[in-house]
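Observations on the three-dimensional arrangement
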Amino acid sequence: MKIENKLKIQIWSDIMCPFCYIGKRRIEEALQNFEHKEAVEIEWKSFQLDANFIASPEDNMVEHLAEKYRKDNDWAQNMLDNMTQNAKTAGLDFHFEKAVLANSLNAHRLLHLAKKHNLADDLEELLFKAYLTDGKNVNDLDTLKELGLEVGLEAESIEQVLHSNAYANEVKQDIKEANSIGVQGVPFFVFDTKYAISGAQPATAFLQTLEKVWEEGKFDSNVTLLNTITENSCDINGCD
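Residues numbered from 1 in each chain as written. Predicted model: local features only at pLDDT ≥ 70, side-chain atom pairs only at ≥ 80, totals over all residues. Heavy atoms only, no water.

**Details of the overall build of the chain**
A tally of helices and strands in the chain yields nine helices and seven strands. Against the globule reference of 18 Å for 240 residues, the chain gives a C-alpha radius of gyration of 18 Å, in line with a compact fold. Seen through its C-alpha atoms, the chain measures out along the principal axes to roughly 55 × 45 × 30 Å. Across the 240 residues in the chain, those meeting the buried criterion constitute 50%. When contacts within the chain are restricted to residue pairs at least 6 apart in sequence, those whose partners lie at least 24 apart make up 76%. Counting every atom, the chain has about 12,100 Å² of accessible surface; 44% of that belongs to carbon and sulfur. Between the mean site of the 24 positive side-chain charges and the mean site of the 41 negative ones, the chain shows a separation of 5 Å. (Helix = DSSP H or I, 4+ residues; strand = E, 2+ residues; numbered from the N terminus. Rg over C-alpha atoms; globule rule 2.2 N^0.38 Å. Buried < 20%, exposed > 50% of the residue type's maximum accessible area, 1.4 Å probe, protein only. Contact = heavy atoms within 4.5 Å. Areas by Shrake-Rupley, 256 points an atom, 1.4 Å probe, with all protein chains shown as cover. Lys, Arg positive; Asp, Glu negative; His and termini not counted. Charge placed at Lys NZ, Arg CZ, Asp CG, Glu CD.)

**Some words on helix α7 (residues 155–162)**
Those residues of α7 that fall on the buried side of the exposure criterion are I158, V161 and L162. Relative to the axis of α7, the buried residues are bounded by an arc of 90° and lie together on one face. Looking at the packing, one finds that the buried side of α7 touches α4 (105–116) and α6 (141–151). (Arc of directions from axis to C-beta.)

**Here we look at the environment of L49**
Note on placement: L49 falls in the loop between β2 (40–46) and α2 (61–69). Taking the C-alpha atoms as reference points, L49 and N103, separated by 54 residues in sequence, lie 9.3 Å from one another.

**Some thoughts on empty space enclosed by the protein**
For the coordinates displayed, the defined rule picks out one cavity of 30 Å³ or more. Here the largest cavity is characterised by a volume of approximately 60 Å³. Taken together, the elements giving at least two residues each to the lining of the largest cavity come down to β2, α4 and α5 (120–132). When its residues are assigned to classes, the lining of the largest cavity shows three nonpolar, four polar and four charged. (1 Å grid on protein atoms, 1.4 Å probe; cavity = no way out; pocket = protein on both sides within 12 Å on 5 of 7 lines; lining within 4 Å. Points joined across faces, edges and corners; volume = space filled by probe spheres on them. Nonpolar A, V, L, I, M, F, W, Y, C, P; charged D, E, K, R; others polar.)

**Focus on the nonpolar core**
In this structure, I15, F94, L127 and Y131 are the most contacted members of the largest nonpolar core, which totals 58 residues. Taken together, the elements giving at least two residues each to this core come down to α1 (18–32), α2, α3 (73–88), α4, α5, α6, α7 and β3 (188–191). The leading source of residues in this core is α5, at seven residues. When residues no more than four places from it in sequence are discounted, the contact partners of I15 are A107, H108, L111, E124, L127, F128, Y131 and V138. I9, A30, A120 and L210 belong to the second largest nonpolar core, which has 21 residues in total. (Core = buried A, V, L, I, M, F, W, Y, C linked by side-chain atoms within 4.5 Å.)

**Describing the side chain of K24**
As for its placement among the helices and strands, K24 is situated in helix α1. Here K24 is in contact with W44, D121, E124, E125 and F128, once residues within four sequence places are set aside.

**Here we look at the packing of aromatic side chains**
Counted under the stated rule, the structure contains six aromatic pairs. Three or more aromatic residues link up through ring pairs in this structure, and these residues are Y21, F94, F96 and F128. (Phe/Tyr/Trp six-rings, centres within 6.5 Å; stacked < 30°, edge-to-face > 60°.)

**Some words on the pairing of strand β1 (residues 7–13)**
With respect to burial, β1 is a largely interior element, six of its seven residues being buried. As paired strands, β1 and β2 are joined by seven bridges and run parallel to one another. The residue of β2 that forms the bridge with W12 is K45. Sheet topology note: the β1/β3 ladder contains four bridges and is antiparallel. Within the sheet, the bridge partner assigned to I11 lies in β3 and is F189. (Pairing = 2+ DSSP bridges.)

**Things to note about the packing of α4 against helix α8 (residues 168–180)**
Between α4 and α8, whose axes approach to 9 Å, the crossing angle comes to 100°. Considered as vectors, α4 and α8 are oriented roughly perpendicular to each other. Here α4 contributes L105, H108, R109 and H112 to the contact with α8, which in turn contributes A168, E170, V171 and D174. Here the residues of the contact of α4 with α8 sort into three nonpolar, two polar and three charged. (Axes fitted to C-alpha atoms, helices over the stretch in contact; angles between N-to-C directions. Parallel < 35°, antiparallel > 145°, perpendicular 65-115°, else oblique.)

**Topic: the pattern of salt bridges**
Considering all chains together, one arrives at 16 salt bridges under this definition. Here K45 makes a salt bridge to E43, at a shortest N to O gap of 3.7 Å. There is no split in this pair, since K45 and E43 are both buried. Its salt-bridge partner being D134, residue K129 comes within 2.9 Å of it at the nearest N-O pair. Owing to a relative accessible area of 35%, K129 belongs among the partly exposed residues under this scheme. On the basis of relative accessibility, which here comes to 28%, the residue D134 falls in the partly exposed class. (Salt bridge = Lys/Arg side-chain N within 4 Å of Asp/Glu carboxyl O.)

Geometric values such as these leave the question of function open.
Spelled out as structure tokens, the structure:
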């Protein structure tokens, strides 16, 4: 493969998906061990697990999950405990007891602004941390502005986006594209429009795919799903 040919990874994710943060860490680990990592480009794509979600101040993660799955609170707490332990294997510290449930549309719109300035990866990281570790409301405009400024976006540009419908169509287009290639849950990784991996798989799975795509050197617009397991991902019905 010629060095000038970037190996592009498209990642569909939702800020509200814990496995998406874990998946981010695992693809990063794979890239650290990939000989040609400098020739890899990552593009973050929007996905909403529940585009119609409306949060209320009384929302509690345990009760929310219990109601969603029609289980009791002990079951929901156990699910969150398992997720927290899974996150620790990726070096992440989840605090679901502080999590503020929110609609992620505004966060995704701001991510598209960051994408224009090659800051999407930085903002994605801060948004995940804000929601899953720090207990911040990622639909709060002041919080979003603070995070946008932290990655280097201009205050005026942030204000223009957050106080308008800017990039809403781009978010919808990303979701439409995901649906067109059969994305059932996130995170979902597509390697140079050729191979796809669903879920927060081990770093070795990502590394093997990176090496496979690099060795083959020819790119194809037809996506072949290499891993179809439904574990370690989130879909509209929840996280497994």
